[in-house]
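Structural overview
Okay, here's what each chain looks like letter by letter:
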Amino acid sequence: MVHISRDAVSLSRGEKVICKIDWEKRYMHMKLHTMLHTIDGVVYKKYKGEITGGQIFDNSARMDFDIPGFTKEMLSSIISDSQLIIDEGHRVVPKEITREEAKRIGGVARTAPGADLLEKLDTVRIIEIEGFDFQLDGGTHVANTNELGKISLIKFENKGAHNKRVEFGLS
Ligand SMILES: [Zn+2]
C-alpha cells in the first residue's frame, strides 16, 4: 500500500511510521461522497443531466453539471428528490463486476475518464445504492443513505449555458 502525504515530512528510507485515520474527517468525507452519488443519480436519471465535475471538501462538496433547459427552480426539486432517497435508507454496497456486467447495467460511467477506464479494465469497482443507482467508483462511502442527514444548498454559480456549479453541505 502506498500513502502519499500532502504535508511535508522528512523520512529516511526504511523508517517505520504509524498512520492514523482522522475518523471525524474521513466519515464526513464518506457522507459527502455518498451524497454526491445520490444527487448525481437524480440529475442523471430524472433530469437527463450530465455531470461535468465534482470535488469533496472538508465540510461540503461541489458538483458541476449540464442539464438541458435548466432553471434555478429545478435545484430545489433536485435536492428534495435526493433527500427522499437519503431518507428511504438505501444500502450502499461496493461491488466488483466484469466490464460486460457493467455495460449491461448501463450508465455506470458518467464522465469521459470513467468511460475510458471501463474500456481498459476487465473488472471494475462500482458503488451500488440499492434500488436506485450504480456508478463506477474508487472511493469510500457510508453503508446506508440514512446516515447522511439533511442536504443543504450552500452556493449556486451559473458558469454558462452548459455549466452550473453547486455546492452542497450536510447537516
Ligand atoms: Zn464516487
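Structure first, text after, so check above.
Residues numbered from 1 in each chain as written. Predicted model: local features only at pLDDT ≥ 70, side-chain atom pairs only at ≥ 80, totals over all residues.

Quick notes on the overall build of the protein
Under the convention used in this document: Only DSSP runs of H or I reaching four residues or more are called helices, and only runs of E reaching two or more are called strands; each is numbered from the N terminus. Burial in this document is a count-based property: other C-beta atoms within 10 Å of a residue's C-beta are tallied, and the residue is buried at 20 or more, exposed at 12 or fewer, or partly exposed in between, with C-beta positions derived from the backbone.
When helices and strands are tallied, the protein shows four helices and seven strands. Listing every helix and strand of the protein by position from the N terminus yields α-β-β-α-β-α-α-β-β-β-β. Each of the three principal axes of the protein carries a C-alpha extent, and together these read 55 × 40 × 35 Å. The buried share of the protein, taken over its 171 residues, is 23%.

Some remarks on the sheet that holds strand β1 (residues 50-56)
In plain terms, the rule: Criterion used throughout: strands pair if DSSP finds at least two bridges between them. Whenever a helix is involved, its axis is fitted only over the stretch in contact; in every case the axis is a line through C-alpha atoms, and angles between N-to-C directions fall within 0 to 180 degrees. Contact between two residues is assigned whenever their backbone-derived C-beta positions fall within 7 Å.
If you walk across this open sheet you meet the four strands as β1-β2-β7-β6, and the pairing is antiparallel. Looking at which strands have only one partner, the edges of the open sheet turn out to be β1 and β6 (151-158). With direction set aside, neighbouring strand axes in the sheet form an average angle of 20°. Across the face of the sheet, helix α1 (residues 23-46) comes into contact with β1, β2 (61-66), β6 and β7 (164-170) while running at roughly 170° to β1.

Some thoughts on the packing of α1 against helix α2 (residues 72-88)
Worth spelling out the cut-off: When describing relative orientation, an angle under 35 degrees is termed roughly parallel and one over 145 degrees roughly antiparallel, while 65 to 115 degrees is termed roughly perpendicular and anything else oblique. Note: crossing handedness is left-handed where the near helix turns anticlockwise from the far helix by less than a right angle, and right-handed where it turns clockwise. Under the scheme applied, nonpolar residues are Ala, Val, Leu, Ile, Met, Phe, Trp, Tyr, Cys and Pro; charged residues are Asp, Glu, Lys and Arg; polar residues are all the others, including Gly.
Packing of α1 against α2 brings their axes to within 9 Å, and their N-to-C directions diverge by 120°. Accordingly, the angle class assigned to the pair α1 and α2 is oblique. The crossing of α1 and α2 is right-handed. Between α1, through T38, I39, V42, V43 and K46, and α2, the contact on the second element is made entirely by I78, D81, S82, I85 and I86. Class assignment for the residues of the contact of α1 with α2 results in six nonpolar, two polar and two charged.

Considerations on the pairing of strand β4 (residues 123-129)
In this sheet, β4 lies alongside strand β3 (residues 92-98) in antiparallel orientation, the contact comprising seven bridges. Looking across to β4, one finds that K95 is bridged to I126. Bridge count between β4 and strand β5 (residues 133-136): four bridges; the pairing is antiparallel. Counterpart to I129 in the pairing with β5 is D133.

Remarks on the nonpolar core
Where a protein is soluble and globular, its nonpolar side chains tend to be buried together. To be explicit about the condition: Think of a nonpolar core as buried Ala, Val, Leu, Ile, Met, Phe, Trp, Tyr and Cys residues, each tied to the set through C-beta atoms within 7 Å.
Judged by nonpolar contacts, the single largest core of 17 residues is most densely connected at M35, L36, I39, V43, A61, M63 and F168. Within the residue set of this core, elements represented by two or more residues are α1, β2, α2 and β7. The biggest single contributor to this core is α1, with six residues. Leave out the neighbours within four places in its chain, and A61 touches L32, M35, L36, G54, Q55, I56 and F168. In this structure, A102, V108, V124 and F134 belong to the second largest nonpolar core, which totals five residues.

Remarks on the environment of T111
Among the structural elements, T111 can be located in the loop between α3 (99-105) and α4 (112-120). With 15 C-beta atoms counted inside 10 Å, the residue T111 sits in the partly exposed group. Between the C-alpha atoms of T111 and E50, which are 61 residues apart in sequence, the distance is 8.1 Å.

Overview of α2
Residues spaced three or four apart along an α-helix point in a common direction, a consequence of the helix completing one turn every 3.6 residues. Convention followed: The span expected for a helix works out to 1.5 Å for each residue beyond the first. Arc definition: it is the arc formed by the directions from the helix axis to the C-beta atoms.
Relative to the 24 Å expected for 17 residues at 1.5 Å per residue, α2 spans 25 Å between its end C-alpha atoms, a close match to the ideal helical length. Within α2 the residues assigned to the buried category are I78, S82, I85 and I86. Along the axis of α2, the buried positions cluster into a sector of 100°, meaning they face one direction only. Away from the buried face of α2 by more than 90 degrees, exposed residues E73, S76, S77, S80 and L84 are located. Lining the buried residues of α2 we find α1 and β6.

All we've got here are geometric facts, nothing functional implied.
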